[in-house]
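Each chain, written out:
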Amino acid sequence: MSKAIIVYGSTTGTTEDMSQIVAQGIKASEFELTVKKVSDSTPEELMGYDLLVLGCSTWGDGDLQDDFVDFEKKLRATNLRGKKAAVFGPGESSYPQFCKSVDILEETLYRRIKSRCIGR
C-alpha cells in the first residue's frame, strides 16, 4: 500500500480543518495516511512517503505560516526525487499576495522533486 503524509501549519485552525477534509479524500484513495503538524515533523521524514501534501496559510505580505519557515528552509536541502506532491492553503483573495505560501511551497517542492507539483 502506498503511503501519504499531510503536513500542515495552522495558527487559527483553518488549515488544520482543511487538512482533515483533504485527509478524507486521500483515505478514500486507499493510501496509508499520516497527518502531522509541521512543528512535529521534519523534511527528512518525507522521504518515507510516496505522496506529500503540505498545507500552509499565508501571513503578512506573502509570508509562510510561522511554523513552516524553518521547515521550508530545511526542505530546500532534502532530496525528494520521484515523490508526488500537492500543496493547499486558505487565503483571502482581496490580499495582493493571495495564497503566496502555496506558491512558495510549490516552487520548493518542484525544485526538490524535479517535476511539476499540483498547486491550489
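Here, every reference points to the structure presented above.
Residues numbered from 1 in each chain as written. Predicted model: local features only at pLDDT ≥ 70, side-chain atom pairs only at ≥ 80, totals over all residues. Heavy atoms only, no water.

## Quick word on the overall build of the protein
So, step 1. Looking only at helices and strands, one finds 3 helices and 6 strands in the protein.
So, step 2. Along its sequence from the N terminus, the protein presents helices and strands in the succession β-α-β-β-β-β-α-β-α.
So, step 3. A compact globule built from 120 residues would reach a C-alpha radius of gyration of about 14 Å, and the protein, at 13 Å, matches this within 12%.
So, step 4. A principal-axis box enclosing the C-alpha atoms of the protein has dimensions of 40 × 30 × 25 Å.
So, step 5. Buried residues in the protein amount to 40% of all 120 residues.
So, step 6. When contacts within the protein are restricted to residue pairs at least 6 apart in sequence, long-range pairs at least 24 apart make up 75% of them.
So, step 7. Side chains of the protein carry 16 positive and 18 negative charges; the gap between the two charge centres is 8 Å. (Helix = DSSP H or I, 4+ residues; strand = E, 2+ residues; numbered from the N terminus. Rg over C-alpha atoms; globule rule 2.2 N^0.38 Å. Buried < 20%, exposed > 50% of the residue type's maximum accessible area, 1.4 Å probe, protein only. Contact = heavy atoms within 4.5 Å. Lys, Arg positive; Asp, Glu negative; His and termini not counted. Charge placed at Lys NZ, Arg CZ, Asp CG, Glu CD.)

## What to know about helix α3 (residues 100-113)
Residues spaced three or four apart along an α-helix point in a common direction, a consequence of the helix completing one turn every 3.6 residues.
So, step 1. A rise of 1.5 Å per residue sets the reference length of α3, with its 14 residues, at 20 Å; its end C-alpha atoms lie 20 Å apart and thus fit the reference within 8%.
So, step 2. Those residues of α3 not exposed but buried are Ser101, Val102, Leu105, Glu106, Thr108, Leu109 and Ile113. Within α3, the buried residues cover an arc of 165 degrees as seen down the axis, which keeps them to one side.
So, step 3. Against the buried residues of α3 lie β3 (51-56), β4 (58-59), β5 (63-64), α2 (68-75) and β6 (84-88).
So, step 4. Just downstream of α3 lies lysine 114, where phi reads positive at about 70 degrees. (Expected span 1.5 Å × (residues − 1). Arc of directions from axis to C-beta.)

## Thoughts on a negative patch on the surface
So, step 1. Together, Asp61, Asp63, Asp66 and Asp67 give the surface a local cluster of negative charge.
So, step 2. Note on placement: aspartate 63 falls in strand β5. (Patch = residues over 30% accessible without salt bridge, like charges linked within 9 Å, V, L, I, M, F, W, Y side chains within 5 Å. Areas by Shrake-Rupley, 256 points an atom, 1.4 Å probe, with all protein chains shown as cover. Salt bridge = Lys/Arg side-chain N within 4 Å of Asp/Glu carboxyl O.)

## Quick notes on the pairing of strand β2 (residues 32-37)
So, step 1. Here strand β1 (residues 3-9) pairs with β2 via 6 bridges, running parallel. Residue pairing in the sheet places alanine 4 in a bridge with leucine 33 of β2.
So, step 2. Read from β1 through helix α1 (residues 14-28) to β2, the crossover connection turns out right-handed. (Pairing = 2+ DSSP bridges. Right-handed = clockwise from strand over helix to strand, strands pointing away.)

## So, the environment of glycine 89
So, step 1. Structurally, glycine 89 can be placed in the loop between β6 and α3.
So, step 2. Separated by 83 residues in the primary sequence, glycine 89 and isoleucine 6 place their C-alpha atoms 12 Å from one another.
So, step 3. Ignoring sequence-local partners within four residues, the contact set of glycine 89 consists of Met18, Cys56, Cys99 and Val102.

## A few points about the state of the cysteines
In a disulfide, the sulfur atoms of two cysteines are covalently bonded to one another.
So, step 1. Tallied over the entire structure, the rule returns 0 disulfides.
So, step 2. You can see cysteine 99 has no disulfide; the closest cysteine sulfur is in cysteine 56, sitting 10.0 Å from it.
So, step 3. Classification of cysteine 99 by relative accessible area gives buried; the value is 4%. (Disulfide = S-S within 2.5 Å.)

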